[in-house]
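Below are the chains, spelled out letter by letter.
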Amino acid sequence: MMEFLFLLLPLAAATGWYSGRRSRGSEPQSRDHNPVYFKGLNLLLNEQPDKAIDVFIQLLEVDSETVETHLALGNLFRRRGEVDRAIRIHQNLIARPTLTKEQRAQALLELGQDYLRAGLFDRAEGLFDELVVQKLFQVEASRNLHFIYQQERDWEKCLLMAQRLESLGEPSLRVERAHYFCEQAQKARGTRDEGLAESLLKKALAADKNSVRATMLLGQLAMEQGDITVAYRHFARVESQDPNFIGEVIAPLSECSNRIGNRQVFRELLRHNAEKQGNVDAAMALADMVRIEQGDKAATEWMIHFLSNHPSLRGLEHLLSIHLKDAADEPAELLPILKELIARMLETSYGYRCGQCGFLARRLHWQCPGCKTWSSIKPVSFSDCQAPRGNGLIVDEI
Ligand SMILES: [Zn+2]
């Protein structure tokens, strides 16, 4: 609070002196004689800095010399979370007829950001729209509109805004555009419009050929339509798009594989991901297959072989569960306790992490709830992901 007063005090004094001089013609008026300045000073001395700031702002006349100061002040207030005060300063600025077109646009942009911060999206949207129409601060205004439409889940407008930003020279938003098509496709799927959903998902893949989400949704659509061979092909493509996500498609791949009878192909896919990528989900699924086909001993041996190269808590828990079933008649005393302990440790671990901000999650989010980046959260499959204590990371508890 005090830093504002240090900024305002000399400015207000100068303005008070200047306005006094203007009102009295050539006879200068000392700042001590300006009653408003004196009132502000009095409030300050009485330790009422809030009121003092308002008085000094009132004193600070808007002219070409002080517009920048008003903008800087408003910006500071907003950044400190004093949004009401920032709004008052910027509204006051816009009401002045003496501003140049550029200055007014700058004030509109700042006021829009104040509204955004205050959660008044409708008002903010109106101001940013005005700037876009005027072709002033187009990139900043479009970025803010892009943010607003995402919050409002208006995917059609998000797509338009992403295209506009790209045409204005902003970095590619192809990953985001793919997610907007996926969002629309999920909506279409909800209303049983499979044809529309499919065409939207193809658009998603045209925007981002590595969109795991679009491929998974295409697989789900094909399964719903009973086209299991096509579904398998879609789910299997995830491996080439991003091997981190293979664990997400193992269950549907296994189901498809059972129904179309291509167990050998599926087994090779699992082996490749387990051995080459060190993916524990693939290793556990392969262990389950081996157990059914060759028995508990072979499955145990496979898990021990995998864990010796890629140690992991989840893998160890799986090994113990196979071994405990194997030794059901006389389990070693320690083993059930060990398994219980590992299971409890796993309960407090997180399977997904945001590569941008470190957000930890128990389930897959396509948009990070922490930093709002799309496709930044990935399964942490190569090592176990335990929430570090007391480092301030945000985690989802869903
Ligand atoms: Zn994040």
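Here we summarise the structure given alongside this text. The structure presented is a predicted model; accordingly, all values stated were derived computationally and were not measured.

About the cut-offs
Residues numbered from 1 in each chain as written. Predicted model: local features only at pLDDT ≥ 70, side-chain atom pairs only at ≥ 80, totals over all residues. Heavy atoms only, no water. Helix = DSSP H or I, 4+ residues; strand = E, 2+ residues; numbered from the N terminus. Buried < 20%, exposed > 50% of the residue type's maximum accessible area, 1.4 Å probe, protein only. Contact = heavy atoms within 4.5 Å. Areas by Shrake-Rupley, 256 points an atom, 1.4 Å probe, with all protein chains shown as cover. Donors = N, O, S within 2.8 Å, 3.2 Å for Na, K, Ca; no water. Tetrahedral: all angles 85-135°; square planar, octahedral: opposite > 155°, others 65-115°. Core = buried A, V, L, I, M, F, W, Y, C linked by side-chain atoms within 4.5 Å. Domains from an automatic or database assignment. Pairing = 2+ DSSP bridges.

1. Quick notes on the overall build of the protein chain
Thought 1: Helix and strand counts for the protein chain stand at 19 helices and three strands.
Thought 2: Across the 398 residues of the protein chain, 46% fall into the buried class.
Thought 3: Expressed as a percentage of contacts within the protein chain between residues at least 6 apart in sequence, the contacts between residues at least 24 apart total 54%.
Thought 4: Accessible area for the protein chain stands at about 20,600 Å²; split by element, carbon and sulfur atoms hold 51% of it.

2. Considering the coordination of the zinc ion
Thought 1: Summarising the metal site, the zinc ion is bound by the protein donors Cys-354 (SG), Cys-357 (SG), Cys-368 (SG) and Cys-371 (SG), whose distances to it range over 2.3 to 2.4 Å.
Thought 2: Around the zinc ion sit four donor atoms; with metal-centred angles ranging over 108 to 111°, the donor geometry is tetrahedral.
Thought 3: Counting gaps between the donor residues of the zinc ion yields the pattern C-x2-C-x10-C-x2-C.
Thought 4: A residue is classified by how much of its surface remains accessible, and Cys-371, at 29% relative accessible area, is partly exposed.

3. Looking at the environment of Leu-160
Thought 1: Structurally, the position occupied by Leu-160 is in helix H9 (residues 155-167).
Thought 2: Note on Leu-160: relative accessible area 52%, which makes it exposed.
Thought 3: When the C-alpha positions of Leu-160 and His-146 are compared, they lie 8.8 Å apart, and in sequence the two are 14 residues distant.

4. Overview of the nonpolar core
Thought 1: Counting 48 residues, the largest nonpolar core has Phe-128, Leu-131, Tyr-180 and Leu-201 as its most contacted members.
Thought 2: Residue contributions to this core peak at seven residues, all from helix H6 (residues 101-117).
Thought 3: The residues that make up this core include at least three from each of domain 1 (2-152) and domain 2 (172-259).
Thought 4: By size, the runner-up hydrophobic cluster in this structure holds 45 residues, among which are Ile-246, Leu-307, Leu-319 and Trp-366.

5. Notes on the sheet that holds strand E3 (residues 377-379)
Thought 1: With antiparallel pairing, three strands are arranged side by side in an open sheet as E2-E1-E3. This sheet does not close on itself; its edge strands, each paired only once, are strand E2 (360-361) and E3.
Thought 2: Note that strand E1 (residues 352-354) and E3 share three bridges and pair antiparallel. Residue pairing for E3: Tyr-352 is matched across the bridge by Pro-379.

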